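One letter stands for each residue in the lines below.
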Protein chains: 2
Amino acid sequence: MSLPTAFDALMAYERETQALARIAGRLSWDQETVMPRGSAGQRAEESGAMESVLHARRTNPQIGEWLEQADPPDADGAAQLRLIRRSYERSVKVPADLASALARLTSRSQGIWAGARAADDVAAFLPTLAEVVKLKREEAAALAGGGDLYDALVDDFEPNGKAAEFAAMFGEMRPGLVALRERALNAPQVTPLSARFDADTQMALGGELAETFGYDLTRGRIDRAVHPFSSGSGEDVRITTRTAEDDPFNCLYSTIHEVGHACYEQGIDPKFLLTPAGQGVSMGVHESQSRIYENQLGRSRAFCGYLYGRMRDLFGDFGVADEDTFYALVNRVHRGYIRTEADEVQYNLHIMLRFDLERALFANDLQVGDLEAAWNDRFRADFGYDVNRPANGVLQDVHWSVGLFGYFPTYSLGNVYAGCLHEALRRELPDLDDQLSRGELSAATGWLREHVQRHGGRHEPKEVITLACGTAPTAAPLMSYLETKFGALSGA
Amino acid sequence: MSLPTAFDALMAYERETQALARIAGRLSWDQETVMPRGSAGQRAEESGAMESVLHARRTNPQIGEWLEQADPPDADGAAQLRLIRRSYERSVKVPADLASALARLTSRSQGIWAGARAADDVAAFLPTLAEVVKLKREEAAALAGGGDLYDALVDDFEPNGKAAEFAAMFGEMRPGLVALRERALNAPQVTPLSARFDADTQMALGGELAETFGYDLTRGRIDRAVHPFSSGSGEDVRITTRTAEDDPFNCLYSTIHEVGHACYEQGIDPKFLLTPAGQGVSMGVHESQSRIYENQLGRSRAFCGYLYGRMRDLFGDFGVADEDTFYALVNRVHRGYIRTEADEVQYNLHIMLRFDLERALFANDLQVGDLEAAWNDRFRADFGYDVNRPANGVLQDVHWSVGLFGYFPTYSLGNVYAGCLHEALRRELPDLDDQLSRGELSAATGWLREHVQRHGGRHEPKEVITLACGTAPTAAPLMSYLETKFGALSGA
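Within an unreviewed UniProt entry, the label attached to chain A reads Metal-dependent carboxypeptidase, and the organism entered is Roseovarius atlanticus. Per UniProt, the comment on chain A under Function (unreviewed entry) is "Broad specificity carboxypetidase that releases amino acids sequentially from the C-terminus, including neutral, aromatic, polar and basic residues." Of chain A, the UniProt comment under Catalytic activity (unreviewed entry) reads exactly: "Release of a C-terminal amino acid with broad specificity, except for -Pro."

Asker: Residues and numbers for the domain arrangement of chain A, please.
Answerer: All names here are of chain A. Parsing chain A into structural domains produces domain 1 (1-93) and domain 2 (106-492). Using only C-alpha atoms to locate each centre, domain 1 and domain 2 end up separated by 28 Å. Contact with domain 1, which involves 21 residues of that partner, is made by 29 residues of domain 2. In this assembly, domain 1 and domain 2 are joined by eight salt bridges.

Asker: Before we move on, can you summarise helix α16 (residues 408-428) of chain A with the specific residues and values?
Answerer: Each α-helix turn comprises 3.6 residues. Residues three or four places apart therefore point the same way. Here α16 of chain A contains 21 residues, and its C-alpha end-to-end distance of 31 Å stays within 8% of the 30 Å for a straight helix at 1.5 Å per residue. α16 of chain A sits mainly inside the fold: 17 of its 21 residues count as buried.

Asker: Any chance you could break down the nonpolar core for me, citing the residues and the numbers?
Answerer: In globular proteins that are soluble, nonpolar side chains generally tend to be buried together. Counting 125 residues, the largest nonpolar core has M173, M311 and F326 of chain A as its most contacted members. By size, the runner-up hydrophobic cluster in this structure holds 123 residues, among which are M311, L329, Y385 and C469 of chain B.

Asker: Lay out the relation of the copies chain B and chain A with the relevant residues and their values.
Answerer: Mapping chain B onto chain A leaves a residual RMSD of 0.0 Å; the transformation is a rotation of 180 degrees accompanied by 0.0 Å of translation along its axis. Expressed as a symmetry operation, the mapping of one chain copy onto the other fits a two-fold axis. Both copies contact each other with a shared surface, as 100% of the interface residues of chain B are interface residues in chain A too.

Asker: Before we move on, could you go through the sheet that holds strand β2 (residues 230-231) of chain B and cite the residues and values that matter?
Answerer: Residue and element names in this part refer to chain B. The sheet built from three strands is open, its strands ordered β1-β3-β2 with mixed pairing. The open sheet has two free edges, formed respectively by β1 (222-224) and β2, since each of these has just one partner strand. Contacts from helix α1 (residues 6-33) reach β1, β2 and β3 (238-241) within the one sheet, and its direction differs from that of β3 by about 25 degrees.

Asker: Give me the lowdown on helix α4 (residues 75-93) of chain A, citing residues and values where you can.
Answerer: Residue and element names in this part refer to chain A. Relative to the 27 Å expected for 19 residues at 1.5 Å per residue, α4 spans 27 Å between its end C-alpha atoms, a close match to the ideal helical length. Residues D76, G77, A79, Q80, L81, L83, I84, Y88 and S91 constitute the buried set of α4. In the core, the buried residues of α4 are packed alongside α1 (6-33), α2 (40-58) and α3 (61-69).

Asker: Just give me the short version of the interface of chain B and chain A, but keep the residues and values in it.
Answerer: Every contact between the two is made by 38 residues of chain B and, on the other side, 38 residues of chain A. Roughly 3,000 Å² is buried in total at the junction of chain B and chain A, and carbon and sulfur atoms are behind 55% of that figure. Joining chain B to chain A, the criterion identifies eight salt bridges. Close ionic contact of R26 of chain A with E46 of chain B constitutes a salt bridge, the shortest N to O distance being 2.6 Å.

Asker: Please set out the environment of V53 of chain A residue by residue, giving values where relevant.
Answerer: Among the secondary structure elements, V53 of chain A is positioned in helix α2. Spatially, the C-alpha atoms of V53 of chain A and T17 of chain A are 9.2 Å apart, while their sequence positions differ by 36 residues. The residues contacting V53 of chain A, other than those within four sequence positions of it, are L20 of chain A together with L20 and V53 of chain B.

Asker: Tell me about the UniProt feature "active site" (unreviewed entry) in chain A, and please be specific about residues and values.
Answerer: Residues and elements named next belong to chain A. In the numbering adopted here, UniProt assigns the feature "active site" (unreviewed entry) to E258. As for its position among the elements, E258 is in helix α10 (residues 248-267). Setting aside residues no more than four positions away along its own chain, E258 makes contact with P228, F229, S230, I239 and T240. Of the polar contacts made by the side chain of E258, one reaches the backbone nitrogen of S230; its length is 3.1 Å.

Asker: Lay out the packing of aromatic side chains in plain terms, naming residues and giving numbers.
Answerer: All names here are of chain B. Under the defined criterion, the tally for this structure stands at 56 aromatic pairs over all chains. R238 extends its terminal NZ or CZ atom over the ring of W29, reaching a point 4.4 Å from the ring centre. In this arrangement the basic side chain of R339 is found over the ring face of Y411, its NZ or CZ atom lying 4.9 Å from the centre.

Asker: Explain the UniProt feature "binding site: Zn(2+)" (unreviewed entry) in chain A to me, and be specific about the residues and the numbers.
Answerer: All names here are of chain A. Residues annotated in UniProt with the feature "binding site: Zn(2+)" (unreviewed entry) correspond here to H257, H261 and E287. These residues run over 31 residues, yet every pair of their C-alpha atoms falls within 8.8 Å of each other. Inspection of the secondary structure puts H257 in helix α10. Tracing the chain through its elements places E287 in helix α11 (residues 283-297). Accessibility expressed as a relative area gives 4% for E287, which makes it buried. Those residues in contact with E287, other than ones at most four positions away along the chain, are H257, H261, T410, Y411 and G414.

Conventions adopted
Residues numbered from 1 in each chain as written. Chains lettered and ligands numbered in written order. Predicted model: local features only at pLDDT ≥ 70, side-chain atom pairs only at ≥ 80, totals over all residues. Heavy atoms only, no water. UniProt positions renumbered as here; feature names shortened; annotations may be inferred. Domains from an automatic or database assignment. Contact = heavy atoms within 4.5 Å. Salt bridge = Lys/Arg side-chain N within 4 Å of Asp/Glu carboxyl O. Helix = DSSP H or I, 4+ residues; strand = E, 2+ residues; numbered from the N terminus. Expected span 1.5 Å × (residues − 1). Buried < 20%, exposed > 50% of the residue type's maximum accessible area, 1.4 Å probe, protein only. Core = buried A, V, L, I, M, F, W, Y, C linked by side-chain atoms within 4.5 Å. Least-squares fit on C-alpha atoms with pLDDT ≥ 70 in both. Pairing = 2+ DSSP bridges. Axes fitted to C-alpha atoms, helices over the stretch in contact; angles between N-to-C directions. Buried area = accessible area lost by both parts, 1.4 Å probe. Polar contact = N/O pair within 3.5 Å; in protein donor to acceptor, adjacent residues only side chain to side chain. Phe/Tyr/Trp six-rings, centres within 6.5 Å; stacked < 30°, edge-to-face > 60°. Lys NZ or Arg CZ within 6 Å of the ring centre and 35° of its normal.

Listed below in structure tokens is the structure:
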């Protein structure tokens, strides 16, 4: 009997940490779905205790010693070490008192933000937001080691993502999107839905679509929650959705979107179960899966034809004359203020606005006190009309209140990646539209599993997309897809 | 600013441990209710990791140092120290390799037992059971420090419970119970239910009864599971039940039983939240609450009158002529093999059988190889007919397969305690039957909350009952209650 190697000892330790992290994740799922409403106080203590355990494990100096001695047996092992080193170095760079001050502040500030948003009272939130930005700047400085502060924050969500690259890419996309938005809004508008759609039937159809898109319900489940989300990795990946009886697309497309996230986690090679590589590699790649499922596949003309039929089967005549009208309705571009309700064209404009503002905050080119004016100016420039109230403007998203700076650009990065993957997928499956029109998704999702999902965290994010597509990602495929699709829909 | 005292530091540490233990408990709830069936492998690792964290915390030598220095500020503090000392001393007495061997074995042996039970194959289970008994003997020896092995195991479930005392008490009860059983079986039998009862309506009525009995659903929830159970403490106490369309009493009385457990946990003084005293003090006292809710209150003639009316409201005419027939049906004594399906009279005979056998195993008066014969002989003696198959005999309960020796007697102890509390409650509330006949439970459950539940772990178990009743507990009130009730039902 020989002693375990440093590599084996480290991996065994990481496996236990991963198992505990899965428990912490499920605790959040529980909180958003089934927790009794009177349990919030005790739950806060439970979550805090769990975070303490995880923080102590992640900063354990023994990890540093193992990392010095560990000899990876193969390429997978080398990838695991790279991920462990990244996480460990990040954890030990942030002083414990700063980490705990940030945790306390952001847990408090979320409530202050929610109250301010409900009251449309920007001033009530700004002092807290200023504190959050101040502590996040300190954290970024600790992480950046002299480098760019904002990039240090981006790195948490998109490893090696660089704001300058995003900015260049977004700069190329923006004029085309603004023009597309204008063309769509000036075209004849389709009449919105006016029927009622039974909520339980929406959930039943959502469950059917989830399985159609490859979600394995023996290792997952679908519940209702206030906000749709996907939670978990490996053998237990759960999603939520929501229902509104006047808007079935909210439930159905939220479901398909979350199924994209969930299929990524479920599709990771089982050999990576409960290891650092056993999770989606970045928010951008994650979002590429949810977006291609929801948009390029789910909102395609071919699939809309299939879905129209299923909805007629289940809901009867709901006042939409034919497949083409249904397709136009599913892809309706209309005036609005809210990012999460935006169509494929305007969504990216919402993101670019937030990206530029938060980047300016961390470059000290913008002060928190000037944030609302900057938001409103930029909104008018890109969308052509004024923000009508702060809840629809600078107060609309939770992200900043909980310190999520550097997260927003990964949504549009996901769209860009989805555009690249969609182009490659179409090349690979010339009869994709035939399949989609029959509600047949297995070849498309199988290709994504094989070329993206199964790798988990094994490659760097950009490398995953490059390997899948054969070329490095650019915004061109997404822009060409959007211009073709929305050009046609606008009758151009 | 002064340093925290040893007492404060210890309590802060315990609070975090309690919070983590609540998470571990909720993980089990999740597994029994909502976990996808394909997640069992990952879940086993998660549970193991959580147990490792808890074990490390509970055996942390720092606890021993704090205990030496800690000075309790008041009587509550002294009770907390007593509970912490008991838990710490127990944890450090068992060698880590024995604890982990037991955890591995009992996790494996449960599956072997389930397979053997399904196949009625005692021989397939005995070698594993012999291993379990062997390791539990080692554990008991480590805990007992020269004292009685079986008492050392009982102590985990009923602190300071002594098998000799149980044996004396059970010895007094047994002849009376055997005689009652015989009288009831020789009396005219009531016709069983033959109607169907919609499962969702059963659940709705169960929810209504749960609230009637004082369960606070803002800090709890009711789900379906294979086995009814109660889970959690403090602000998040959840119960499960099950439904069978031909047997509504299974759902309704399981619900009331679990509500008794849940109300105990919910009724504990909030000052004990997330502390060692913030949980029910023993299995016996816990079972006294579930049993008095289910039996002395829920199966009383007066409450049965009320429940009959509610069931007629919801299910229409279900073929039961009147309240008296309904009452006789709810309290039907009939031949059967299964403990969990037994009535109030025969239930205790099932327990005494198990208690005597497991006690003999640990006294080395009985060998595992002779267990089935001993079970069958004793069953014939107490019940008057033969066990028809092992699944209905020695293989029926999960307890021994997972090493739960010393647990069974606490069920009957709970019945005895419920008898004492019921006698005191009747003295205190002379018009209890009037209230029960109107479905009015708040005075009864309020008395139990005030005199038993709110104390949590503050007093020793027997002391809780003594304080509530004014005299030390004996079996006499239970026996007198059973003889009166079942004597009348048998037409004697």
